[in-house]
Amino acid sequence: MDWKEVTIYTTTAGIGPVEALLEDNGVEGYVLEDAADFEEFLQDTEIYWDYVDEDLVREKRAQETCLKIYLSDDEDGAKQYAAICAALENLKARDDEHAWGRLCTETALTRQEDWEWGWKQYFKPFPVGETFMIKPSWETVDDAQGRKILEIDPASSFGTGSHDTTQLCMAALEKLVHPGDTLLDMGTGSGILAIAAAMLGADVKTVVDIDENCLKTAQENAEKNHVSIGRGLCGDALRNPQLAQEIGTGYDIIVANIVADVIIGMAPMFADKLVPGGHLICSGILNERAEEVRAALEQNGFAVLSHEQSEDWSAFTAKK
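Within every chain, residues take consecutive numbers counted from 1 along the sequence as written. Totals for whole chains, interfaces and linings use every residue, but because this is a predicted model, local features are given only for residues with pLDDT of at least 70 and side-chain atom pairs only at 80 or more, for both listing and counting. Where side-chain values are given, they derive from all heavy atoms of the structure, hydrogens and water being excluded.

(A) Representation of the overall build of the protein chain. Across its full length, the protein chain holds 11 helices and 14 strands. Whether two residues touch is decided by their heavy atoms; if any such pair falls within 4.5 Å, the residues are in contact. Put simply, of all contacts in the protein chain between residues at least 6 apart along the chain, 63% involve residues at least 24 apart. For the protein chain, the exposed surface amounts to about 16,200 Å²; the carbon and sulfur share of it is 48%. Helix and strand assignments come from DSSP, with helices taken as H or I runs of at least 4 residues and strands as E runs of at least 2, each series counted from the N terminus. Where accessible areas are quoted, they stem from the Shrake-Rupley method and a 1.4 Å probe; at the residue level, only the protein chains shown are allowed to cover.

(B) Quick look at the nonpolar core. The nonpolar core is taken to be a set of buried Ala, Val, Leu, Ile, Met, Phe, Trp, Tyr and Cys residues, with the residues joined through side-chain atoms within 4.5 Å. The buried label goes to any residue with under 20% of its type's maximum accessible area, the exposed label to any with over 50%, and the partly exposed label to all in between, with areas taken from a 1.4 Å probe on protein chains only. One finds Ile134, Leu150 and Met170 to be the most contacted residues of the largest nonpolar core, which totals 33 residues. Mapped by element, the contributors of at least two residues to this core are β5 (126–128), β6 (132–135), α6 (164–176), α7 (192–199), β9 (203–209), α8 (212–224) and β11 (251–257). When neighbours within four sequence positions are excluded, isoleucine 134 is seen to be in contact with Phe123, Lys124, Pro125, Phe126, Val128, Leu150, Ile152, Thr160, Met170 and Ile192. Formed by 31 residues, the second largest nonpolar core is a distinct cluster that contains Leu243, Ile285, Leu297 and Phe316.

(C) Geometry of the sheet that holds strand β8 (residues 182–186). Any two strands are treated as partners once DSSP identifies two or more bridges connecting them. Judged by pairing direction, the sheet is mixed, and its 7 strands sit side by side in the order β10-β9-β8-β11-β12-β14-β13 without closing on themselves. Of all the strands in the sheet, just β10 (231–234) and β13 (303–309) have a single pairing partner and so form its edges. Strand-to-strand, the axes of this sheet are offset by a mean angle of 15°, without reference to chain direction. Pairing analysis gives 4 bridges linking β8 to β11, with the strands arranged parallel. Lines are fitted to the C-alpha atoms to define the axes, a helix being fitted only along its stretch in contact, and any angle between axes, read from their N-to-C directions, falls within 0 to 180 degrees.

(D) Molecular detail of the packing of aromatic side chains. For this analysis, a ring pair means two rings from Phe, Tyr or Trp (six-membered ring only for Trp) whose centres lie within 6.5 Å, classed as stacked if their planes differ by under 30 degrees, edge-to-face if by over 60, and tilted for the remaining angles. Under the counting rule described, the total for this entry stands at 0 aromatic pairs. By the criterion adopted, a ring carries a charge over it if an Arg CZ or a Lys NZ lies within 6 Å of its centre and within 35 degrees of its normal. Its end group placed over the ring of tyrosine 9, arginine 102 keeps NZ or CZ at 4.8 Å from the ring centre.

(E) Structural context of the sheet that holds β5. If you walk across this open sheet you meet the 3 strands as β5-β6-β7, and the pairing is mixed. A strand with exactly one partner marks an edge of an open sheet, and here the two such strands are β5 and β7 (148–151). Pairs of neighbouring strands in the sheet enclose a mean axial angle of 35°, with direction left out of account. The pairing of β5 with β6 spans 3 bridges and is antiparallel. Note that in β6 the partner of valine 128 across the bridge is phenylalanine 132. This element, α6, spans β5, β6 and β7 of the sheet and lies at about 55° to β5. Here α7 sits on the sheet in contact with β6 and β7, set at roughly 150° to β7.

(F) Inspection of the side chain of threonine 10 at higher detail. Its location among the elements puts threonine 10 in strand β1 (residues 3–10). Any pair of N or O atoms that falls within 3.5 Å is considered a polar contact. Within protein, one atom must be able to donate a hydrogen and the other to accept it, and sequence-neighbouring residues count only if both atoms are side-chain atoms. Reaching out from threonine 10, the side chain makes a polar contact with the backbone oxygen of tryptophan 100 at a distance of 2.8 Å. Not counting residues within four places of it along the chain, the set of residues in contact with threonine 10 comprises Ile15, Val18, Thr65, Leu67, Trp100, Gly101 and Leu103.

(G) Looking closely at the packing of helix α10 (residues 260–273) against helix α11 (residues 290–299). Where α10 contacts α11, the two axes come as close as 9 Å, and the packing angle between them is 10°. Comparing their axes, α11 and α10 come out roughly parallel. Where α10 approaches α11, its residues Ala260, Ile263, Ile264 and Ala267 are matched on the opposing element by Glu292, Val293, Ala296 and Leu297. Of the residues contributing to the contact of α10 with α11, the split by class is 7 nonpolar, no polar and 1 charged. Note that the term roughly parallel is reserved for angles under 35 degrees, roughly antiparallel for angles over 145, roughly perpendicular for angles of 65 to 115, and oblique for everything else. Under the scheme applied here, ten amino acids are nonpolar (Ala, Val, Leu, Ile, Met, Phe, Trp, Tyr, Cys and Pro), four are charged (Asp, Glu, Lys and Arg), and all others, including Gly, are polar.

(H) Fine view of the pairing of β1. Of all the 8 residues making up β1, 6 are buried; the element is thus mostly covered by neighbouring parts of the structure. Sheet topology places β1 next to strand β3 (residues 65–72); 8 bridges connect them, and they run antiparallel. Residue pairing across strands places isoleucine 8 opposite leucine 67, the latter belonging to β3.

(I) Expanded view of the side chain of aspartate 185. Summarising the element assignment, aspartate 185 is placed in strand β8. In this tally Asp and Glu are treated as negative and Lys and Arg as positive; neither His nor the chain ends contributes. Whenever a carboxyl oxygen of Asp or Glu lies within 4 Å of a side-chain nitrogen of Lys or Arg, that contact is scored as a salt bridge. Buried charged residue aspartate 185 carries no salt bridge. Nearest counter-charge: arginine 231, at 13 Å. In terms of polar contacts, aspartate 185 uses its side chain to reach the side chain of threonine 188, at 2.8 Å. Filtering out sequence-adjacent residues up to four positions away, aspartate 185 remains in contact with Leu193, Ala194, Thr206, Val207, Val208 and Val255.

(J) Spatial organisation of unusual backbone geometry. Non-glycine residue histidine 98 carries a positive phi angle of around 55°. Along the chain, the position of histidine 98 falls in the loop between α4 (75–94) and β4 (104–110). Taking relative accessible area as the criterion, histidine 98 reaches 67% and is therefore assigned exposed. Positive phi is not limited to glycine here, since glutamine 145 has a value of about 55°. Take glutamine 145: it is sitting in the loop between β6 and β7.

(K) Focus on α10. Under the convention used throughout, the expected extent of a helix is 1.5 Å for every residue step, that is, one less than its residue count. Compared with an ideal rise of 1.5 Å per residue, which puts 14 residues at 20 Å, α10 spans 19 Å between its outermost C-alpha atoms and is within 8% of the ideal. The seven residues ending at a residue and the seven starting there each receive a fitted axis; the angle between those axes is the bend at that residue. Bending of α10 peaks at approximately 50° at the position of methionine 266, with proline proline 268 no more than four residues after it. Buried positions along α10 lie against β8, α9 (241–247), β11, β12 (274–286) and α11.

The structure is reproduced here in structure tokens:
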């Protein structure tokens, strides 16, 4: 079946009335894009980010708040759409102060195959480093060229393996991991780095992320690759002393593909959690922030062994 995508334009104040209207007309699910959320994101000092693309900021600030729904592209869907449009006209008539926005719709046809595949059509198998061939579950590899196949489905989590920071970390893991090395993955995302380490023979003890969904996705991906990535812990170890303690100590390797500010803030914690002679692999660092990260590592007793770069990103391997 094909689907009709219906976009209903409103305001932040109009979200509640439109939600009630949709529920009255048998619509149980929708996608909400609230313009106020992006402004809140920009002003949230609790979120770690090094940059937000200026074009994205302009684009998001120009967008209206909207709700997107999907109706079957058949007679039943057409009747439901007509009822929703009539209800929107009634809602508009009640909005004396025009607080709920335009309350109008746009429609587009979404084919079933587009619904199911979408971005997936662009995620094809590709080699990383000297060891791995990355592939999603829906693709097959006829010739892995002697590489280990790492199957990854990122869902909503960071980590298909295509980003420079992930590849820099995987290349460092190839050089560093010895069978039996105990490993901590900070900011695991899809779990790709923990899984790669486990496939190289590491004993992955702990993976940590601030998003519970990432931990679920990471464990599912580990099962696909028939490896164990240990326990998953959720939270911000910089702000949660109990979590920081629960992570434990005695790791041979820590891999942290996060952002510069978090790595700088966690540098003392990383040093505390590694065994003497243990190694830290860190990335997610814009090249212009690299020297700040190097300084923080050295101030906390690390010796930087390598600094690898792509066009925009840096990765460090350091020894305690």
